[in-house]
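Summary of structural features
Chain by chain, the residues run as shown.
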Amino acid sequence: MRKLPLISYAIIAYMLLAFGWWSILLLRKNEEAHNARVDKLAIELAVQKRIERASDFRLTENYQRLTERFEKQQRMILGEALLLVISLAGGLYLLFRNLKKEISAAEQQRNFLLSITHELKSPLAGIRLILETFQRRRELKPELQQKLSTNALAETDRLTALVNDLLLSAKLENVYQLNREEIDFGQIVQDAADRVVLKYKGANVHVDIEPDIPTISGDKPGLTSVVVNLLENAAKYSQPHPVIHTTLARGGDTEIVWTVEDNGMGIPDREKRRVWTKFYRVGNEDTRSTKGTGLGLFIVRQIVEKHGGQIELRDNQPRGTVFRVYLPVK
């Protein structure tokens, strides 16, 4: 997230210093006025011969009233100054907190637009190139035709997955409903792991599924999206040699526990709470080379929670990330 410009902090510092300076001046002016009133009173009492010695002046009732009035005014000035400083500081804090949120939201929207533009442009360009090849070279060898057709279908699948993620993320905030059925979650994990191995040729995926895992009641497309997103993220952010360990085990009689461990770049502690935010991605979109839209982990967490489950994010050792998903059996 972009920081606020230095001029903003300079203005705040100037306002606080100016307010403090005017408070000091007001205290001094009040003290000068008090001293003038004291001198005037001393002269009046001396002229009226109501005091014989200078030391008697401070014992008079009139001087005591002036002193009490002065001290009360000083306390009032200090109290009001303190209250105004606290009010100003609180107002500035709320203002800048909201401003930072707006800046963060704008930055996330900008990152999303940059990433979605790239995600759309790349497969469209690939499909266009393939179609132009078919158009210009009508007599292609069968092997080349098969290869080009396969690539075009892969790019189309990529576009379809992107559109599905966009639609799903929109539904999750408003109208998403679970279409529950009995699901073999272990089979979903195995199928997704096989898919990742095919898509990321260098990925080394170890699958360990405990025997006799009970079926769960859930939305199959939604849970499939959870598994695919986490496994593909593990492979995508662990290049060039992804090593992924995924396990599925019982968590007692009431839940199953699915874990994904990778050897990737990991997620800094300061980012761990923000990665679940819609459109948020670690790093800067201008320099990031990894593909993505910032929707994956948002979708994952929303779907897991709608199933009554929980998801944890931890550091792997010596490097990488661990995601652990808890899903109720019933």
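See the structure above.
This text gives an overview of the structure that appears in the document. (Residues numbered from 1 in each chain as written. Predicted model: local features only at pLDDT ≥ 70, side-chain atom pairs only at ≥ 80, totals over all residues. Heavy atoms only, no water.)

**A few points about unusual backbone geometry**
Along the chain, glutamine 239 connects to proline 240 via a cis peptide bond; the corresponding omega equals 10°. With respect to the helices, strands and loops of the structure, proline 240 is situated in the loop between helix H6 (220-236) and strand E4 (243-250). With an omega of 5°, the peptide bond running from glutamine 317 to proline 318 counts as cis. Tracing the chain through its elements places proline 318 in the loop between strand E6 (310-315) and strand E7 (321-328). (Helix = DSSP H or I, 4+ residues; strand = E, 2+ residues; numbered from the N terminus.)

**Here's the deal with the packing of aromatic side chains**
As enumerated under the stated definition, the model contains two aromatic pairs in all. An angle of 75° between the planes, with centres 5.9 Å apart, marks the rings of phenylalanine 185 and tryptophan 258 as edge-to-face. Linking phenylalanine 185 in helix H5 (residues 185-199) with tryptophan 258 in strand E5 (residues 255-261), this pair joins segments that are 73 residues apart in sequence. Look at tryptophan 258 and you get buried, because its relative accessible area is 1%. For the pair tryptophan 276 and phenylalanine 323, a centre-to-centre distance of 6.1 Å together with 85° between the ring planes defines the contact as edge-to-face. Residue tryptophan 276 is located in the loop between E5 and helix H7 (296-306), and its partner phenylalanine 323 is located in strand E7; the two are separated by 47 residues in the primary sequence. Each member of the pair, tryptophan 276 as well as phenylalanine 323, carries the same accessibility label: buried. (Phe/Tyr/Trp six-rings, centres within 6.5 Å; stacked < 30°, edge-to-face > 60°. Buried < 20%, exposed > 50% of the residue type's maximum accessible area, 1.4 Å probe, protein only.)

**A closer look at the packing of H6 against H7**
In contact at an axis separation of 9 Å, H6 and H7 are set at 140° when each is read in the N-to-C sense. As summarised for this structure, H6 and H7 are arranged oblique, according to the angle between their axes. For the pair H6 and H7, the crossing hand works out as left-handed. Residues Gly222, Leu223, Ser225, Val226, Asn229, Leu230 and Asn233 of H6 pack against Gly296, Leu297, Ile299, Val300, Ile303 and Val304 of H7. Partitioning the contact of H6 with H7 into residue classes produces eight nonpolar, five polar and no charged. (Axes fitted to C-alpha atoms, helices over the stretch in contact; angles between N-to-C directions. Parallel < 35°, antiparallel > 145°, perpendicular 65-115°, else oblique. Left-handed = near helix turned anticlockwise from the far one by under 90°. Contact = heavy atoms within 4.5 Å. Nonpolar A, V, L, I, M, F, W, Y, C, P; charged D, E, K, R; others polar.)

**Some remarks on the sheet that holds E7**
The mixed open sheet is built from five strands, whose spatial order is E2-E4-E5-E7-E6. Two strands bound the open sheet, and with one partner strand each, they are strand E2 (204-209) and E6. On average, adjacent strands in this sheet sit at an angle of 10° to one another, irrespective of strand direction. In this structure, E4 lies alongside E5, joined through six bridges in antiparallel fashion. (Pairing = 2+ DSSP bridges.)

**Some points on the nonpolar core**
Within the largest apolar cluster, 45 residues are counted, with the highest numbers of intra-cluster contacts made by Phe185, Leu230, Leu231 and Trp258. Secondary-structure elements contributing two or more residues to this core are helix H4 (142-172), H5, H6, E4, E5, H7, E6 and E7. Not counting the four nearest positions on each side in its chain, leucine 230 is found in contact with Trp258, Val260, Leu297, Val300, Ile311, Phe323 and Val325. Within the second largest apolar cluster, seven residues are counted, among which are Leu41, Leu45, Ile51 and Tyr63. (Core = buried A, V, L, I, M, F, W, Y, C linked by side-chain atoms within 4.5 Å.)

**Describing the pairing of E4**
With six bridges connecting them, E2 and E4 associate as parallel partners. Within E4, the position partnered with aspartate 208 by the bridge is threonine 247. Where E4 hands over to E5, the hairpin turn is made up of four residues, of which glycine 252 adopts a positive phi near 90°.

**Points about the pattern of salt bridges**
Two side chains bearing opposite charge may form a pair once their charged atoms approach each other closely. The tally for this structure, following the rule as stated, stands at ten salt bridges. For arginine 65, the salt bridge goes to glutamate 61, with nearest N and O atoms at 2.9 Å. You can see arginine 65 and its partner glutamate 61 sitting in helix H3 (residues 61-136), four residues apart, about one turn around the helix. Relative accessible area serves as the criterion here: at 57%, glutamate 61 is assigned to the exposed category. Between lysine 199 and glutamate 232 there is a salt bridge, with the nearest N and O atoms lying 3.4 Å from each other. (Salt bridge = Lys/Arg side-chain N within 4 Å of Asp/Glu carboxyl O.)

**Description of the side chain of serine 225**
Along the chain, serine 225 turns up in helix H6. Apart from the residues lying within four places of it in its own chain, the contact partners of serine 225 are Asp165, Leu168, Ile299 and Ile303.

**With respect to the environment of glutamate 173**
The topology assignment puts glutamate 173 in the loop between H4 and strand E1 (180-183). Note on glutamate 173: relative accessible area 47%, which makes it partly exposed. Put simply, glutamate 173 and alanine 10 are 163 residues apart on the chain and 40 Å apart in space, counted from C-alpha to C-alpha. Setting aside anything within four residues of it in sequence, one finds glutamate 173 in contact with Lys278 and Phe298.

**With respect to helix H1 (residues 6-47)**
For H1, spanning 42 residues, the distance from its first C-alpha to its last is 61 Å, which sits close to the expected 62 Å at 1.5 Å a residue. All of the buried residues in H1 are Ser8, Ile12, Ser23, Leu27, Asn30, His34, Val38, Leu41 and Leu45. (Expected span 1.5 Å × (residues − 1).)

Keep in mind these values describe shape, not function.
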